[in-house]
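Reading the structure
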Amino acid sequence: RVPIFALTSVPRSCGHSCTMVNFTIPMLRAIMDRPKQIRNMSVIAHVDHGKSTLTDSLVAAAGIIAMATAGDQRLTDTRADEAERGITIKSTGISLYNEISQEEISDDRMPKDSEGREFLINLIDSPGHVDFSAEVTAALRITDGALVVVDSIDGVSVQTETVLRQALAERIKPVLAINKLDRGFLELQLDSESMYSNFTKHVENVNVTISTYHDSAMGEDLQVYPEKGTVAFSAGLHGWAFTIPQFARIYAKKFGVSVDKMTERLWGENYFVAAEKKWSSESEASHRAFNMFILDPIGKVIQCCMNDQMDKLQKMLTSLNVTMKKDDLELRAKPLMKRVMQAWLPAHKALLEMMICHLPSPHAAQRYRAELLYTGPADDATCSGIRNCDPNAPLCLYVSKMVPGADKGRFIAFGRVFSGTITSGVKVRIMGPNYVPGQKGDLNIKSIQRIVIFMGRRQDPVESVPVGNTCGMVGVDQFLVKTGTICSAEDAFPMKDMKFSVSPVVRCAVEPKNPQDLPKLVEGLKRLAKSDPMVIITIEESGEHIVAGAGELHMEICLKDLQDDFMNGAPLKISDPVVSYRETVTEETGQECMSKSPNKHNRLYFKCAPLGDELTDHIDKGEMTPRDDIKIRGRVLADDYGWDVEIARKIWAFGPDISGPNLIVDATKAVQFLNELKDSVVGGFNWVTKEGVMCEENMRGIVFSILDVTMHADAIHRGGGQIIPTARRVMYAAQMISEPRLMEPMFLVEITCPEGAMGGIYSCLNRRRGMVFEENQRPGTPLYNVKAYLPVAESFGFDSDLRAQTSGQAFPQCVFDHWQLMPGDPMVEGKTRDELIAGIRKRKGLTPEMPPLDRYKDKL
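As the structure is a prediction and not an experimental result, all values here were calculated from the model.

**Points about helix α20 (residues 630-641)**
One turn of an α-helix holds 3.6 residues; hence residues three or four places apart share an orientation. Compared with the 16 Å implied by 1.5 Å per residue over 12 residues, the 16 Å span of α20 between its first and last C-alpha is a close match. All buried positions along α20 are accounted for by Arg633, Gly634, Leu637 and Ala638. An end-on view of α20 places all buried positions within 130° of arc, on one side of the element. Away from the buried face of α20 by more than 90 degrees, exposed residues Lys631, Ile632, Asp639 and Asp640 are located. Where α20 is buried, its residues meet α19 (613-620), α21 (645-648) and β30 (651-655). Sitting at the head of α20, Asp629 places a side-chain oxygen 3.1 Å from the backbone nitrogen of Lys631.

Take a look at the structure:
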């Protein structure tokens, strides 16, 4: 890939052709007041399917970069390492102003509610890599429409489905762009019919995902149809694209039929037999209307350009009414093809038409998104302000991420106004994610210093921003960590927090090489936590600083940022990546365990049992929570999981952290004053589930039942100090004699590769305890899709190892999928106990041997 020269100032002139930015900030600010003329959209897709490249032609249409460089420049990849690796890491926002002429979209095809021909498009280019899917979630929250990009050869892959599912969960309307058509014409030289069948497959696959996850509250059918203009076909690198209605308008004049009729004929089972000049619904493939009228002309033009048949090309251009500059016609091969195709089918026209006609304005979208986004009652002033998209309602703004600002260490809060108008210098209520309405915690009442609009690589200050627009705010970063809500009304509730589809399972310990850099590190970690929506930073009891991320690439980028940007290059010692395990049990306790309190006056009798995978997953996904109705929850447990109804209604707590996948239930009969102990026992339970007995890792999938309690008559002798340690000891004892096991996190790896590379994949996975569970060939391509499970602990260096094995042909993507029991009993001597558990205990500063059972289990 061509290294991109970093643009520092406004790109006024790029190389040979000078372009002027064709809008000014005041024009932009004026159109912001008309919510019906705004489109907020994000570009989402699988990694390397061409999101940033496609965005470029839109940016070029607004005159920010030269048409000639669009596609190679990738303006939205703003960081140096993004340009160098050729992937997007952070999502970037850019606002584009476009005026649509009469011939581009005629009056009858303009959206019904529009008020004029100028449109403002707030576009967010998001990363495609699995490790950065938190960035995608953040981008989706503040947009209303999504442009889903699919590679015309590779098709819909796992990551495409994941981001599409995230979009539909946020009630976002998708439109589709099938990208990289040039590969079909040039690289694979496919014939029209096989290209057509590829396209139908991709459209079908996308529609399957949409219909599976779509939300009925959005009303209309969300599926995409080429004949309705919700699918564009494009080649981002060469900057051309078309939709079927576009071609239909050209041909409708020629055939003398209405545009709508022609549109229907250009897709699907419609054939035109030229010899008889008749339309029919079956014939041979070469007569299919889509192939004949669309793909063949494009193919011919491309061939003429590539084979230097200039006179033939001139004839075709004249019949297409395309005029070319003289010096453009002196180019040859690919550059010539790029200019010709850009002149004939410019990408921005097709994409803009699709966005303007088929994506909702904030005015339309906030109607059905309001109830999903707002946590408070649906009839208060703020919520109705969101629903009606009212600039005079109370302010409500969601901050979805922090963007590093120009000053070192400061951040600009990037978000979208959902209701009201935000003005600089006015006092507002800044609510963090832990704010509870009616309380003072995590709430700051401060004024906003400055408001900016994002323009790719630079920011332009404005006075105020009305509803439906995205903007950046300076001076909020000290009150918010990652996300939050900014409101003006006293009674306003915060917006719902975002749910990420990946979880941080890879952890590294960091420490400075020179001890005097420690304050720098602490400060740097704070900034790192702000800059990335996903990273979690904790301080262990042993004083280590732990950084947790979603995968190897994510960790690498975060640690590089930490060292270079947030600590000014102070050297760090970074431990090998550590994986967090979970502890569980596999059998019900054979005998009841008893522990006495330190003063020997109270006894607790406990048992524990495994919860079962299904129920554990239910709790993990949040389908069963401590806030559920007791009777309904009891019914479900009794019917689906065979619990005793009496016990199922007496769940005391979920743990760790209020909603974790472990339970404590009260299975006692006729014990008096048991409720007085409830808080102490639950306190002990939360402590235990955070640090299990084997190596102080979290527990998962264990249910503890209280069988019997004998306690001292005097309340003073059964306080927390007596009960909590006892409860902890008895639960440890129960865990130790119920066949305890460790669980390790598993990645779902999806590998795309040609057939020849399959052997390398299998040998590579077998060495790393991986397990292939599905492989299928992609129809119409020589590629195979292999899905496998791989333990996270074995995944470090897997990428490079796999590429070495298959000489770079295989492309892996890892996503955390589930927890799996580890083979090997940790209680008997062997590899699990002596290497794995001893290693974890040593790292945490515990004795390498596990404590004996009689430390926890008492005899009568």
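Structure shown, so let's carry the discussion forward.
**Focus: the packing of aromatic side chains**
Summed over the entire model, instances satisfying the criterion amount to 9 aromatic pairs. Summarising the aromatic geometry, the rings of Phe242 and Phe247 are spaced 5.2 Å apart at their centres and angled 90° between planes, so their arrangement reads as edge-to-face. Like Phe247, Phe242 is buried. Here Phe685 and Phe704 contribute two aromatic rings whose centre-to-centre distance is 6.2 Å and whose plane-to-plane angle is 85°, an arrangement assigned as edge-to-face. In this pair, Phe685 sits in helix α22 (residues 674-690) while Phe704 sits in strand β33 (residues 702-710), placing the two residues 19 residues apart along the sequence. The exposure class of Phe685 is buried, given its relative accessible area of 0%. Since its relative accessible area comes to 0%, Phe704 is described here as buried. Among the aromatic residues, those joined into a ring-pair cluster are Phe199, Phe233, Phe242, Phe247, Tyr251 and Trp344. Lying over the aromatic face of Tyr398, Arg141 brings its terminal NZ or CZ to 4.9 Å of the ring centre. Positioned above the aromatic ring of Trp687 is the side chain of Arg728, whose terminal nitrogen or guanidinium carbon lies 4.3 Å from the ring centre.

**Re the side chain of Arg507**
By the secondary structure assignment, Arg507 is in strand β22 (residues 506-512). Residue classification places Arg507 among the buried positions, given a relative accessible area of 18%. Setting aside residues up to four positions removed in sequence, Arg507 forms contacts with Glu540, Ile546, Val547, Ala548, Asp576, Pro577, Val578 and Ser580.

**A closer look at the packing of helix α5 (residues 158-169) against helix α7 (residues 192-213)**
Where α5 meets α7, the axes come as close as 10 Å, and the angle between the chain directions of the two elements is 35°. Crossing geometry of α5 relative to α7 is assigned as right-handed. Facing Glu161, Leu164, Arg165 and Leu168 of α5, the residues of α7 in contact are Val206, Thr209, Ile210 and Tyr213. Across the contact of α5 with α7, the residue classes tally to 5 nonpolar, 1 polar and 2 charged.

**Quick look at the confidence of the model for the protein**
The predicted coordinates of low-pLDDT regions are not to be read in fine detail. The predicted model of the protein has a mean per-residue pLDDT of 79, with 93% of residues at 70 or higher. Under a pLDDT of 50 for its full length, residues 1-20 has, in the predicted model, 31 contacts with residues more than four places off or in other chains.

**Let's talk about the pairing of strand β8 (residues 231-235)**
Counting buried residues along β8, 5 of its 5 residues qualify, which places the element largely inside the surrounding structure. Pairing analysis gives 3 bridges linking strand β7 (residues 173-179) to β8, with the strands arranged parallel. Its bridge partner being in β8, Leu176 is matched across the sheet by Val231. Inspection of the sheet shows β8 paired to strand β9 (residues 240-243) by 4 bridges, in the antiparallel sense. Across the sheet, the residue bridging to Ala235 is Trp240, located in β9.

**Section: the nonpolar core**
Of all hydrophobic cores here, the largest spans 67 residues; its most connected members are Leu397, Ile422, Met473, Ile486, Leu562 and Ile751. Excluding residues that lie within four positions of it along the chain, Ile422 makes contacts with Leu395, Leu397, Val417, Ile448, Ile451, Glu463, Ser464, Val465, Cys471 and Met473.

**A closer look at helix α11 (residues 310-319)**
All of the buried residues along α11 are Met310, Leu313, Met316 and Leu317. End-on view of α11: buried residues confined to an arc of 120°, all on one side of the axis. Residues of α11 that are exposed and point more than 90 degrees away from the buried face comprise Asp311, Lys315, Thr318 and Ser319. Positive backbone phi, at 60°, marks Asn321, one or two positions downstream of α11.

**Considering the packing of helix α10 (residues 289-306) against α11**
For the pair α10 and α11, the least separation of the axes is 9 Å and the interaxial angle reads 145°. The two elements α10 and α11 cross, and the hand of that crossing is left-handed. Each of Pro297, Lys300, Val301, Cys304 and Cys305 in α10 lies in contact with α11, whose residues at this interface are Lys312, Leu313 and Met316. Of the residues contributing to the contact of α10 with α11, the split by class is 6 nonpolar, no polar and 2 charged.

**A few points about the pattern of salt bridges**
Per the counting criterion, the structure on display carries 20 salt bridges. A salt bridge links Arg141 to Glu170, with the shortest nitrogen-to-oxygen separation between them at 3.1 Å. Note that Arg141 is positioned in helix α4 (residues 133-141) and Glu170 in the loop between α5 and β7, a separation of 29 residues in sequence. Comparing Arg141 with Glu170, the two get one shared label, buried. For Asp477, the salt bridge identified is with Arg410, shortest N-O distance 2.9 Å. Of this pair, Asp477 sits in the loop between β20 (470-474) and β21 (484-487) while Arg410 sits in the loop between β12 (396-404) and β13 (411-419); the two residues are 67 residues apart in sequence, bridging distant segments of the chain. Three or more residues are tied together by salt bridges with common partners; here these are Arg141, Asp144, Glu170, Arg369 and Arg416.

What counts and what doesn't
- Residues numbered from 1 in each chain as written.
- Predicted model: local features only at pLDDT ≥ 70, side-chain atom pairs only at ≥ 80, totals over all residues.
- Heavy atoms only, no water.
- Helix = DSSP H or I, 4+ residues; strand = E, 2+ residues; numbered from the N terminus.
- Expected span 1.5 Å × (residues − 1).
- Buried < 20%, exposed > 50% of the residue type's maximum accessible area, 1.4 Å probe, protein only.
- Arc of directions from axis to C-beta.
- Contact = heavy atoms within 4.5 Å.
- Polar contact = N/O pair within 3.5 Å; in protein donor to acceptor, adjacent residues only side chain to side chain.
- Phe/Tyr/Trp six-rings, centres within 6.5 Å; stacked < 30°, edge-to-face > 60°.
- Lys NZ or Arg CZ within 6 Å of the ring centre and 35° of its normal.
- Axes fitted to C-alpha atoms, helices over the stretch in contact; angles between N-to-C directions.
- Left-handed = near helix turned anticlockwise from the far one by under 90°.
- Nonpolar A, V, L, I, M, F, W, Y, C, P; charged D, E, K, R; others polar.
- pLDDT = per-residue confidence, 0-100.
- Pairing = 2+ DSSP bridges.
- Core = buried A, V, L, I, M, F, W, Y, C linked by side-chain atoms within 4.5 Å.
- Salt bridge = Lys/Arg side-chain N within 4 Å of Asp/Glu carboxyl O.

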